[in-house]
Amino acid sequence: MQSRLRLVSSNPAWIALLAVVLFVVTLPAMAQAQADAAAPPSGLDTALEQQVRQLALDGSHAALPVSNGTSSSSAPRIEVQVGQLDPRLRLAPCQRIEPYLPEGMRPWGKSRIGLRCAQGSVKWNVYLPITVKVWTRALVATNAIAAGAVLGAADVAQGEVDLAEDSTPALADADLVVGRAVTRALRPGQSLRASHLKPRQYFVAGETVSVLAQGPGFSVAGEGQALTNGIEGQPARVRTESGRVLTGNPVGDKRVEIGI
């Protein structure tokens, strides 16, 4: 018996037939594996996932900040990662699913897209998690920087940063940050944000300051006495030469602008 088995196994025709049988048996499993690999990781059908991505892209572009020296003027590169619905959900069959951006929701960072059944026996509404990264050129720390340190020209450089990783604007102009102290420690490669810089103090209470009052079609310049310290980003009160007390924004060394 052992001799006969050895004879069959060494027969080239039997070996070829066995290979064909094994291929036919494994073919369905290979096809299923290829189908699984082609399916979107989110579990949505391809067309619906594309709608979700486009909706997130459109919302992200609409939320881009206007360039004012805090962010790069180059067009950002936006990445959308579509998550998965809660596997515990048991949704009724739906002939038409509509993706939408929830009211007040900005698709930056970790966010979500709404999915609602617009045509089906049971109307349902769920939220799909997404992660949006908005890459652009801005300043990053070139080395570890301690809290309270004053930034030098060698401490910052241009790099690619994700605007969505922080709620405050990314800084792109080195002239606006060199010589400023930081409020927190920064790690090498970390994006430099407006919130990382200590506010500048332009004057102290009691000093004489220049006052510029501006309105539609006019501007009036004069002097006044500061009643409060002039801290960047904080309103300051000034008494004018006529004795009137006004509130304005410190904008530079002993200078206040007042909108009327």
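Once a new chain begins, its residue numbering starts again from 1 and follows that chain's sequence as written. It should be noted that, the model being predicted, local features are given only for residues of pLDDT at least 70 and side-chain atom pairs only at 80 or more, the latter also being counted only at that level, while totals for whole chains, interfaces and linings use all residues. Values shown for side chains rest on all heavy atoms present in the structure; no hydrogens or waters enter the calculation.

### Remarks on the state of the cysteines
Joining two cysteines, a disulfide is a covalent bond between their sulfur atoms. What counts is decided by this rule: Note that a disulfide, as used here, is simply two cysteine sulfur atoms within 2.5 Å. A run of DSSP states H or I qualifies as a helix once it reaches four residues; a run of E qualifies as a strand once it reaches two. Both are numbered from the N-terminal end.
Under the counting rule described, the total for this entry stands at one disulfide. The partner cysteine of C94 in its disulfide is C117, sulfur to sulfur 2.2 Å. On the S-S bond that ties C94 to C117, the torsion sits near 100°, and the link is right-handed. Here C117 lies in strand β3 (residues 109–119) and C94 lies in the loop between β1 (77–82) and β2 (96–100), a separation of 23 residues in the sequence.

### Let's talk about unusual backbone geometry
Even without a glycine there, the phi angle at K254 is positive, about 55°. Along the chain, K254 falls in the loop between β11 (245–252) and β12 (255–259).

### Description of the confidence of the model for the protein chain
Note the following rule: Each residue carries a pLDDT value, the predictor's own confidence for that position, ranging from 0 to 100. Contacts between residues were defined by any pair of non-hydrogen atoms, one from each residue, lying within 4.5 Å.
Residues of the protein chain with pLDDT of at least 70 account for 80%, and the chain-wide mean is 83. Segment residues 14–39 is flagged for pLDDT under 50; beyond a separation of four residues in sequence, or across chains, it makes three contacts in the model.

### Observations regarding the environment of K133
Note that K133 resides in strand β4 (residues 125–141). Taking C-alpha positions, K133 is 8.1 Å from R77, a pair spaced 56 residues apart along the chain.

### Overview of a nonpolar patch on the surface
Counted only if it meets this: Patch criteria: residues need more than 30% relative accessible area and no salt bridge. Like-charged residues are merged within 9 Å; nonpolar side chains of Val, Leu, Ile, Met, Phe, Trp and Tyr are merged within 5 Å. All accessible-area figures derive from a Shrake-Rupley calculation using a 1.4 Å probe, and residue coverage is judged against the displayed protein chains alone. Basic side-chain nitrogens of Lys or Arg form a salt bridge, by our definition, when they fall within 4 Å of a carboxyl oxygen of Asp or Glu. Throughout this description, buried means an accessible area under 20% of the type-specific maximum (1.4 Å probe, protein chains only), exposed means over 50%, and partly exposed covers the range between.
Together, F218, V220 and I260 make up a nonpolar patch on the protein surface, roughly 300 Å² of accessible area in all. Secondary-structure assignment places F218 in strand β8 (residues 218–226). Among the residues examined, F218 registers a relative accessible area of 38% and is labelled partly exposed.

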